[in-house]
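Chain by chain, the residues run as shown.
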Amino acid sequence: MAILVTGAAGFIGTNLSRALLEQGKKVIGVDNLITGTKQNIAFLQRFKSFSFLEMDIADPLLGPKLTATPIDEIYELACPTGVDNLTKIPLQMLSASTIGVINLCEIAVKKKAALLFASSSEVYGDPKITPQTEDYTGNVAPLGSRSAYEEGKRCAESIIAAYCRTRSLKAVIARVFNVYGPFFSDRDTRVIFRFLRLMKQGKKPEIFGDGRQTRSFIYIDDLIEGFALLMKKGQSGEAYNIGSDTSISINDLTQITIRAASSTLEPIHLPKHPLDLQNTRLPDLNKIKSLGWKNRISLEVGLRETVRWMSESK
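Summary of the structure given here. In this text the structure is predicted, and so the values were computed from the model without any measurement.

Description of the pairing of strand β4 (residues 73-76)
Move 1: Side-chain alternation along β4 places Glu73 and Tyr75 on one buried face and Ile74 and Glu76 on a second face that is also buried.
Move 2: Sheet topology note: the strand β1 (residues 2-6)/β4 ladder contains four bridges and is parallel. Paired with leucine 4 across the two strands is isoleucine 74, which belongs to β4.
Move 3: Taken together, the four bridges between β4 and strand β5 (residues 114-120) define a ladder with parallel strand orientation. Among the inter-strand pairings, glutamate 76 is bridged to a residue of β5, identified as phenylalanine 117.

This is how it looks when you write it as structure tokens:
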């Protein structure tokens, strides 16, 4: 089986590609390396069945480049993320979520390949209901500071749904909540990665605001199992939340991360980040659980595994 993984040099893409390669699959990785790393690609190139194209998914030449390549499945993960990137590269976020997604839908239709799109909990904006179900339409600001990512993902979902209705595309949407694990970039500013990086540098972990805002965190291996299940059993044209249905405050997360890293550094509080607008984020997971999926790895265990990878590889 030949599988196209876009965003292959990123955190999720590298972990997914590794899992597929270890299962004996052929993987074609695509990444423009805006936020992905060459180190991750170097790791994947140890596998003989991995090949790599350094391209933007919005490049119209991507399809012609893949003309002679058999593709059975596509995992579309290519979109910059991170709060800081909302102001640095918003147009690249929008391009990936619109032109890039159309490009990949066209490739999937021509190749008769199944597609999984990695959407985000950001489609719910600053939610007014908790937990968030897949039929919740969200509370978003189309012109707001987070709109490049939020509205980009919402538009991408709409594009995919239209292809499923009109072009017989077989595609499923995974709305990913906060995920963590190995192979993250030194430039990744997501909260767990930022905490670990600061502590490794001998600096105190920084909490923006009072730390009472809550999030839920899923370990990367559980996410990848969910992707495989959705690719196999998910209803085409449907969206599925995937994450953890246990929430934790950032204050408590900091203490668990400090213990996992065997650190004695105490956190400091900084003013709330102007782009960190959500007070809570928690998925309703009944839909994906009905397919047989569940979380297996606790936050404590997953953090220890992430710390172990960090100490061994960096």
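Having seen it, we continue.
Some points on the sheet that holds β4
Move 1: Across the sheet, seven strands lie side by side as β3-β2-β1-β4-β5-β6-β11; this open sheet has parallel pairing. Only two strands of the sheet have a single neighbouring strand rather than two, namely β3 (50-54) and β11 (239-242). On average, each strand axis in the sheet is tilted by 20 degrees relative to the strand beside it, whichever way the strands run.
Move 2: As paired strands, β5 and strand β6 (residues 171-176) are joined by six bridges and run parallel to one another. Along β6, the bridge assignment pairs serine 119 with arginine 175.
Move 3: The strands touched by helix α6 (residues 147-166) within the sheet are β5 and β6, with β5 carrying the most contacts at an inclination of about 155 degrees.

Re helix α11 (residues 299-313)
Move 1: Counted at 1.5 Å a residue, the expected span for α11 with its 15 residues is 21 Å, and the 21 Å between its end C-alpha atoms agrees.
Move 2: Check the buried side of α11 and you find it contacts β7 (179-180), α7 (191-200), β10 (218-219), β12 (248-249) and α9 (250-260).

Here's the deal with the pairing of β6
Where a strand is regular, its side chains alternate between the two sheet faces.
Move 1: Here β6 lies mainly inside the structure; six of its six residues are buried.
Move 2: On β6, burial covers both faces: Ala171, Ile173 and Arg175 on one face and Val172, Ala174 and Val176 on the other are all buried.
Move 3: With respect to chirality, the unit in which β5 leads through α6 into the neighbouring parallel β6 is right-handed.
Move 4: Sheet topology note: the β6/β11 ladder contains four bridges and is parallel. Bridged to alanine 174 within β11 is tyrosine 240.

Reading guide: rules and limits
- Residues numbered from 1 in each chain as written.
- Predicted model: local features only at pLDDT ≥ 70, side-chain atom pairs only at ≥ 80, totals over all residues.
- Heavy atoms only, no water.
- Buried < 20%, exposed > 50% of the residue type's maximum accessible area, 1.4 Å probe, protein only.
- Helix = DSSP H or I, 4+ residues; strand = E, 2+ residues; numbered from the N terminus.
- Pairing = 2+ DSSP bridges.
- Axes fitted to C-alpha atoms, helices over the stretch in contact; angles between N-to-C directions.
- Contact = heavy atoms within 4.5 Å.
- Expected span 1.5 Å × (residues − 1).
- Right-handed = clockwise from strand over helix to strand, strands pointing away.

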